[in-house]
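A look at the structure
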Amino acid sequence: MSQPSTDEFERHRPYLHAVAYRMLGNRAEAEDAVQETWLRYAQQTEEIRNARGWLTTVTARICLDLLNSARVRRNEYPGEWLPVYVVEPDAGPADRAEIADQVSIALLVVLERLTPEQRVAFVLHDAFAVPFEEVAAVLDSTPAAARQHASRARKAVAGGGIRHTAGLAEQRRVLDAFLAAAQDGDMRALAAVLAPDVVAIGDGGGVVRTALRPILGADKVARFFTGLFGHRLAGVTDMKIEPALVNGSAALVVRATRADGGPLLLVSTVAVDDGRITGIFNQQNPKKLRFVPDLS
């Protein structure tokens, strides 16, 4: 192609957004990165022989810069950090078809522990099959160094991953059982749906009170959530719990009025493996919940 084409770019936009979202864990930031890519693409005067490759490289470089600048902010973040959720209404009993930018919160949590270079190399090569020669161009390194970044990331993901293998129907069933047991304060029923190594992570952004560190193990997680529903939520009114999808996984949206009259909004999603919950991810940071849709 001799001149940048709007139609050509739009054909690649969903793919570029999928790449950027996996790297950044924030849908708005991913959209901004793709838009910046478009601006650079539109200003090109030289011939671009491989539009997809060129656009991938530019998007990845923009994301790498954002990841490096975000590292300091993340280190100073109050408590645990969770990505901005993509919240959608639950589609119903049938498993929903995958869309391009769906990636589980469980994976995004693990990707957050990688260095920016490892994350970029892993996403580009392992998720999108970008050759290491092109990954190296993004990282301004050699193919061997890019390969090493991806290898280290792969080991970190495999070793520190939160297992999430269940289909959507099983996720719904397990999440419903968990909610019923937590509301009833039934420790035995909770133990039946929690994996021994379950982890619960909450993100309040320093604004909403939540656990500042991950809660590890079935016993501690069970006690935390029976206490949450038995005591901390005892003073709230007008509670409404709705099923939802978060990044394609089963989730709950909790809305209520606090005892002080303020609103309560919590979005919780889970990772499920072999019929048990392996991860619970509670997003309560108001800044990250601004775009939660009305599901009614």
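Up top you'll find the structure we're talking about.
We now turn to the structure provided with this report. (Residues numbered from 1 in each chain as written. Predicted model: local features only at pLDDT ≥ 70, side-chain atom pairs only at ≥ 80, totals over all residues. Heavy atoms only, no water.)

What about the overall build of the protein?
Selection criterion: Secondary structure elements follow DSSP: runs of H or I of four or more residues count as helices, runs of E of two or more count as strands, with numbering from the N terminus. Atoms considered for the radius of gyration are the C-alpha atoms alone. The globule rule reads 2.2 Å times the number of residues to the power 0.38. Whether a residue is buried, partly exposed or exposed follows from its accessible area with a 1.4 Å probe, protein chains only, as a fraction of its type maximum: under 20%, in between, or over 50%, in that order. The contact criterion used is simple: two residues touch if any of their non-hydrogen atoms lie within 4.5 Å. His is not counted here, nor are the chain ends, while Lys and Arg score as positive and Asp and Glu score as negative. In this description, the location of a charge corresponds to atom NZ of lysine, CZ of arginine, CG of aspartate or CD of glutamate.
Looking only at helices and strands, the protein has 10 helices and seven strands in total. Taking 2.2 N^0.38 as the reference for a compact globule, 296 residues should give roughly 19 Å; the C-alpha atoms of the protein span a radius of gyration of 21 Å, in line with that estimate. Each principal axis of the C-alpha atoms in the protein carries an extent, and together these give about 65 × 40 × 35 Å. Here the protein holds 296 residues, and the buried ones make up 50% of them. Considering only contacts within the protein whose residues lie at least 6 apart along the sequence, 66% involve residues at least 24 apart. Each charge sign in the protein was given a centre, from 34 positive and 36 negative side chains, and these centres are 5 Å apart.

Quick look at the packing of helix H6 (residues 132–139) against helix H7 (residues 143–160)
We count it as follows: Whenever a helix is involved, its axis is fitted only over the stretch in contact; in every case the axis is a line through C-alpha atoms, and angles between N-to-C directions fall within 0 to 180 degrees. In what follows, roughly perpendicular refers to angles from 65 to 115 degrees, roughly parallel to angles under 35, roughly antiparallel to angles over 145, and oblique to any angle outside these ranges. Under the scheme applied here, ten amino acids are nonpolar (Ala, Val, Leu, Ile, Met, Phe, Trp, Tyr, Cys and Pro), four are charged (Asp, Glu, Lys and Arg), and all others, including Gly, are polar.
Close contact between H6 and H7 brings their axes to 8 Å; oriented N to C, the two are set at 95°. Here H6 is positioned roughly perpendicular relative to H7, judged by the angle of their axes. Each of Phe132, Glu133, Val135, Ala136 and Leu139 in H6 lies in contact with H7, whose residues at this interface are Pro143, Ala146, Arg147, His149, Ala150 and Arg154. Looking at side-chain class alone, the contact of H6 with H7 contains seven nonpolar, one polar and three charged residues.

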